[in-house]
Amino acid sequence: MINYIYTGGYSSYDGPINMIDGYIKSLANANLILTGNIPTKLEKRISNVKNIDAVGFVSKPHLIELIINSDVCLCPRCTNDKNRIATFPSKTLKYMQLR
């Protein structure tokens, strides 16, 4: 089983909602770990979805452990958001540093 992790925000700009929708539709044979400030509405929506673990905020050492033990670190970006052209998802650097 593949272990995915997403760390970060949950606004439409960040793209995780589309990513989570895709995961749910695919019924992936994988684990998806979500960290950070997960909106209540999203938590309710995914509460019965198999293999999604919404851990919320965790300590920095625990977050590092989760990233190191994941097979894939996700960094979704919405392709139709004009802000993505001028910004860089800095979490990619942290992911690379820990891998």
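Scroll up to find the structure this text is about.
How each quantity is defined
- Here the residue numbers are simple positions, counted from 1 along each chain's written sequence.
- With the structure being a predicted model, the display of local features is reserved for residues of pLDDT at least 70 and the display and counting of side-chain atom pairs for 80 or more, all residues being used for whole-chain, interface and lining totals.
- The side-chain values count all of the structure's non-hydrogen atoms but skip hydrogen atoms and water molecules.
- Each helix is a run of H or I in the DSSP string that is no shorter than four residues. Each strand is a run of E no shorter than two, and both are numbered from the N terminus.
- Residue burial is assigned from relative accessible area. The probe radius is 1.4 Å, only protein chains are included, and a residue is buried under 20% of its type maximum, exposed over 50%, and partly exposed in between.
- Contacts are assigned to residue pairs with any non-hydrogen atoms lying within 4.5 Å of each other.
- The Shrake-Rupley method, run with a 1.4 Å probe, gives the accessible areas here. Residue values count only the displayed protein chains as cover.
- Here a cavity denotes a set of grid points, spaced 1 Å apart and computed over the protein atoms alone, in which a 1.4 Å probe fits but from which it cannot get out, and a pocket denotes an open set meeting protein on both sides within 12 Å along at least five of seven lines; residues with an atom within 4 Å of a point are reported as lining.
- Grid points are joined across faces, edges and corners, and a volume is the space filled by probe spheres set on the points.
- When residue character is reported, Ala, Val, Leu, Ile, Met, Phe, Trp, Tyr, Cys and Pro are called nonpolar, Asp, Glu, Lys and Arg charged, and the others, Gly included, polar.
- N or O atoms within 3.5 Å of each other form a polar contact, as long as, within protein, one can give a hydrogen and the other can take it, and as long as residues adjacent in sequence are counted only when both atoms are side-chain atoms.
- A side-chain nitrogen of Lys or Arg and a carboxyl oxygen of Asp or Glu constitute a salt bridge if their distance falls within 4 Å.

S.K.: Can you tell me about the overall build of the chain, naming the residues and giving the values?
M.R.: Check the secondary structure of the chain and you find four helices and four strands. In the chain, the order of α-helices and β-strands from amino to carboxyl end is β-α-β-α-β-α-β-α. Among the 99 residues that make up the chain, the fraction classed as buried is 30%. For the chain, the proportion of contacts with a sequence separation of at least 24, taken over those separated by at least 6, is 62%. Surface summary for the chain: the accessible area is close to 6,300 Å², and the carbon and sulfur share equals 55%.

S.K.: Explain the layout of surface pockets to me, and be specific about the residues and the numbers.
M.R.: If a probe as big as a water molecule is rolled over the atoms, it shows which places are left empty. The computed volume of the largest pocket comes to approximately 200 Å³. Forming the boundary of the largest pocket are 15 residues, of which T7, G8, T35, L63 and I67 lie nearest the centre. Listing elements by their share of the lining of the largest pocket, those giving two or more residues are α3 (60-68) and α4 (91-98). Partitioned by chemical class, the residues of the lining of the largest pocket number seven nonpolar, five polar and three charged.

S.K.: Tell me about the environment of Y6, residues and numbers included.
M.R.: Along the polypeptide, Y6 turns up in strand β1 (residues 2-6). Residues Y6 and P16, spaced 10 residues apart in sequence, show a C-alpha to C-alpha distance of 7.9 Å. Among the polar contacts made by the side chain of Y6, one reaches the main-chain carbonyl oxygen of G9 at a distance of 2.5 Å.

S.K.: Kindly report on the side chain of T35, identifying the contributing residues and their values.
M.R.: Here T35 lies in strand β2 (residues 30-35). Under the relative-accessibility criterion, T35 is labelled buried at 4%. Setting aside anything within four residues of it in sequence, one finds T35 in contact with I5, Y6, T7, G8, Y10, V55, G56, L63 and L66.

S.K.: Break down the pattern of salt bridges for me, with residues and values.
M.R.: Taken as a whole and judged by the stated rule, the model has one salt bridge. In this structure, D21 engages R45 in a salt bridge whose closest nitrogen and oxygen atoms are separated by 1.8 Å. Of the two residues, D21 sits in helix α1 (residues 16-26) while R45 sits in helix α2 (residues 40-46), which places them 24 residues apart along the sequence.

S.K.: I'd like to hear about the environment of S26, residue by residue, with values.
M.R.: Within the secondary structure, S26 is located in helix α1. From its side chain, S26 meets the backbone oxygen of Y23 in a polar contact 2.9 Å long.

S.K.: Mind laying out the environment of Y95, listing which residues take part and the relevant values?
M.R.: Looking at where Y95 falls in the secondary structure, it is placed in helix α4. Classification of Y95 as buried rests on a relative accessible area of 5%. Measuring from C-alpha to C-alpha, the distance between Y95 and C75 comes to 9.4 Å, with 20 residues separating the pair along the chain. If near-sequence neighbours (up to four positions away) are discounted, Y95 is found in contact with I5, Y6, T7, I67, C73, L74 and C75.

That's the geometry; what it means functionally is another story.
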